[in-house]
Each structure stands twice: as C-alpha cells, then as structure tokens.
Amino acid sequence: MSRANWGSRLGFILAASGSAVGLGAIWKFPYVAGKNGGGVFLLAYLACVFTVGIALLLAEMVIGRAANRSATTAFRDLKGGLWPWAGRLSVLCIFIVMAYYSVVGGWVIAYIGKSITGEALGQDTKALGAAFTHFIADPASSLFYTAIFLGVTVAVVLGGVQKGIERMSKVLMPALFILMLVLIARSLTLPGAWEGVRYFITPDFSKLTSAMVVDALGLAFFSLSLGMGIIISYGSYVDKETNLAGATLWISILATLASVLAGFMVLPAVFAFGVDPAAGPGLTFITMPAIFAQMPFGQAWAIAFFLLLLFAALTSSVSIVEPIVSYFIDEFGWERRRAAYITTVAVFIASIPAALSFGTMAESKLFGKTAFDLMDYATSNIMMPAGGILVAIFAGWTIWPRIHSELLSNGGGRWIPAFRGICAIVAPIMIGVIWVHNL
C-alpha cells in the first residue's frame, strides 16, 4: 500500500505544530508559569525546549521518515526484536490520552454554546464554579459533548493526510494565532495588566529551584508531543526532500510561541483582576469567564476564547487519533475509513469512565484516583517518559548508523555529534529525573 505524503512543507510544519498546541498550551502553561515564578520559569522552559526537546523531536521525525511507517512498524522495520513493543506502548498511551482528552474537548464545545447564550459568564466565581461542577457531573451532557468532539475529530482524520489533517491545520493554526493575538491585545489594555507582563518576563532567580527545573523540563517535553509516537507517525508522511532539521526548528518555535502567547493572554488579565495565577484548570472554565464578565463586550471575548480553545483542542486530538489509525493501517492493512471508525468507537467506550468521573463514578477510585485522574497520571507520569527514553536510546544507540546516514543525506552538519550526545546520554538521564520525580 502506497504511503501518503504531506502536500507541502508548510502543511507538515503546521500539522506537527498543531499536535503540540493543545488545551495544555492555553491553560496549563500560564498556570505552571504562574506557580513557578513567571520569568525565571519561562527561561528554564525555553532552555529545555531548545536542547532536549528539539533533539527528541528531530529523532522521532527521522525514525518515522526512515521507516516510512508509524511507530510500531517503524521500530520493527528498523531493528525488530522487542522494539515494536515501544511502538505498541505509544499507541496504548495515546489511546488512553484521547479517552480523557475528548471529555475536556467536549467541555470546550459546551462552553462555546454557554458563552453564546451568556450562561457561562458571571462575576461570582463561586456560582460559576458550582455551575461548572454541576455540568461536568451530569452524565448525559458530558457523554453527549464528548461524542460531538470525537465526531468532529474523526471527520478530519477520515479526510486523510492532505485533504483532512493538512487542510484543517492550514486553516486552524493561523486562525488560532490570530485569535490569540486579538485576545492578548485586549488583555494588555486592562488596568493593572502590565503587572502580569512584568511577572511573566522578569526573571527572579531567587525562585529558581530543582523542582521548578523539573517542571520546566516536563512541560517542554510534553508540549512538543514527544514520547507518544505522534511525531513518528507524522514524520512517516514526510518526503525525502524536506529538510527535517529546519522543519524541527520551525515546529519547536511555533509550539513554544503558542505557550508563550498563552502566558501573555492569560496572566495580564489575571493580574488585572487580582486573581490567583496558580488557579489551574479552573482558570479556563471558571476564572476566565468571570474576568470576561467584567470586560466591555465580555460575551464576545468569551466566545472568541472558547473558540480558540476548540481550535487548539482539535489540532491536538487529530494528531492523537492519527497514529492509532495509522497503526491499524500499517499493522493490519485496514482501510483508513474502517480504522478511523473502529478507533473512534473504542475511544468513546474508553472515555465513558473518564466522563463519569465527576458525577456517577466520582467515588469509584483506584489507588485513590478517579478514572479520569488515573488516565492522566498513567500517561503523563509513566508512559510518556518511558516512550521518550526509549526513543532517545533507539536513536542515539540502537540504530545510530541509520539515523546518522539519514541526517547526512538531508544536509546535516557539525551539530550532529551534539544531537547524538543529547539523545544518547543527556535526554535519558533528564527524562529519568522527571520520571522519578513524578512517580
């Protein structure tokens, strides 16, 4: 079966960048930066992205293009033995991620509607919190919006690489950045907003701690969609003429830019209204609507904000589903339509416990965690770091001659030894630190 390719280098870069620009970039980065001292965390984050992060991103791309297949098949074709299990681990990881990610994506769709009707807005954060808690505890509503989000995602995946994923990314990624810039402009005009700007860009090195560096490395690692087989799958659609090192740099810049812009969008508004910048998930569905309610034309800004979240959620959800679909195509020879439908149904079934974790199954816990929390913990703290270490070792040691050859044939230069050093030694050690810290 012939392998599809991206229609253009720009389409590939936007699609791969979109995989990293998810809900986490919009709410998680501002929250983590807020609790870790702002400016000094931003510096640590950027340092981690453009060392370990960019090296592993390039490694996954090279593995994908060298094998011209998705993760499991790529590990088998390039080495064999037990290595295909690294690919299967990544497929299982993203399957679980999609199961709970689609629940949050459903919340975003619901809040677009609630913003249009004005129901989502109000200055009483306690009332907004109670309304949000009531909504996510309702099993019918939660499952309904989860299904809608999955339906939109699979509709894009069914279009294939060029007509589905690439076409969507060319529209949504520019729209996402335009919306962010508009919201940033509004946020910066609020009285007291520049206190948030100063907090975000002025490093206070007295707040530099080992725990903060671990947080920065972890967020950099996960914000680039590493360790899940996503970039391997996307790399498998890249033609031999595309310069992977240059594409990797652009993807890293765009993905990082989205997180930094999210900081400029959220933190000035948070400081302007005297809100705790470490409010976490509530910042999105409770605190931000309260802020919009106090702004002129607040309803319009709320609608724009949740549309922005939906764009971000879709660019990531499509990248999560695609490697699963690609796995069934490569491993079992299924047609794309069959693989996409079966994947969607399976993900929806798996999402039911996650969707019910805030209501019907709230008291059903394993290891003290609800199904939603357990899925998040298992993927973020165990499976993704394991996948990252395996990719680093595979590229830096196991198939290094093949990786080296691919890079040389693609215009590689004097940076190649540094790249290998990061993959073979630095990345496994640093990711291992994150792993141990998070367990």
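Residues numbered from 1 in each chain as written. Predicted model: local features only at pLDDT ≥ 70, side-chain atom pairs only at ≥ 80, totals over all residues. Heavy atoms only, no water.

Caption draft 1: The arrangement of the overall build of the chain in detail. A count of helical and extended segments in the chain gives 18 helices and 0 strands. Relative to a compact globule of 439 residues, whose C-alpha radius of gyration would be 22 Å, the chain shows 21 Å and is just as compact. Seen through its C-alpha atoms, the chain measures out along the principal axes to roughly 60 × 50 × 45 Å. Burial statistics for the chain: of 439 residues in total, 59% are counted as buried. (Helix = DSSP H or I, 4+ residues; strand = E, 2+ residues; numbered from the N terminus. Rg over C-alpha atoms; globule rule 2.2 N^0.38 Å. Buried < 20%, exposed > 50% of the residue type's maximum accessible area, 1.4 Å probe, protein only.)

Caption draft 2: Structural detail: the environment of Lys35. Here Lys35 shows up in helix α2 (residues 23–35). Assessed through its relative accessible area of 45%, Lys35 is described here as partly exposed. Lys35 has contacts with Asp215 and Ala278, leaving out every residue within four places of it along the chain. (Contact = heavy atoms within 4.5 Å.)

Caption draft 3: The arrangement of helix α9 (residues 193–201) in detail. Within α9, the full set of buried residues consists of Ala193, Gly196, Val197, Tyr199 and Phe200. Projected down its long axis, α9 carries its buried residues within an arc of 165°, all on one side. (Arc of directions from axis to C-beta.)

Caption draft 4: Representation of unusual backbone geometry within the structure. Despite not being glycine, Asn68 shows a phi value in the positive range, around 60°. Relative to the helices and strands, Asn68 resides in the loop between α3 (39–67) and α4 (71–78). Note on Asn68: relative accessible area 27%, which makes it partly exposed. With a phi angle near 55°, Phe297 is a residue other than glycine that sits in the positive phi range. With respect to the element layout, Phe297 can be found in the loop between α13 (282–293) and α14 (298–332).

Caption draft 5: Expanded view of the side chain of Ser142. With respect to the helices and strands, Ser142 occurs in helix α7 (residues 139–158). Here Ser142 falls in the buried class, since its relative accessible area comes to 2%. With residues up to four places along the chain from it excluded, the contact list for Ser142 reads Val103, Trp107, Ile136 and Ala355.

Caption draft 6: Seen up close, the environment of Ala71. Locating Ala71 in the fold gives a position in helix α4. Along the sequence, Ala71 and Arg88 sit 17 residues apart, while their C-alpha atoms lie 7.7 Å from each other. Apart from the residues within four sequence positions on either side, Ala71 is in contact with Gly87, Ser90, Gly229 and Ile232.

Caption draft 7: Structural context of the confidence of the model for the chain. Per-residue confidence for the chain gives a mean pLDDT of 87, with 91% of residues at or over 70. Looking across the chain, the model is least confident in helix α1 (residues 9–20), with a mean pLDDT of 66, and most confident in helix α15 (residues 336–355), with 95. (pLDDT = per-residue confidence, 0-100.)

Caption draft 8: Up close: the packing of aromatic side chains. For the coordinates displayed, the defined rule picks out 33 aromatic pairs. Seen in terms of ring centroids, Phe29 and Phe41 are 6.1 Å apart; in terms of plane orientation they differ by 50°. Their pairing is tilted. One end of the pair, Phe29, is in helix α2; the other, Phe41, is in helix α3, with 12 residues separating them in the sequence. Summarising the aromatic geometry, the rings of Tyr101 and Phe149 are spaced 6.4 Å apart at their centres and angled 50° between planes, so their arrangement reads as tilted. Of this pair, Tyr101 sits in helix α5 (residues 84–117) while Phe149 sits in helix α7, placing them 48 residues apart in sequence. (Phe/Tyr/Trp six-rings, centres within 6.5 Å; stacked < 30°, edge-to-face > 60°.)

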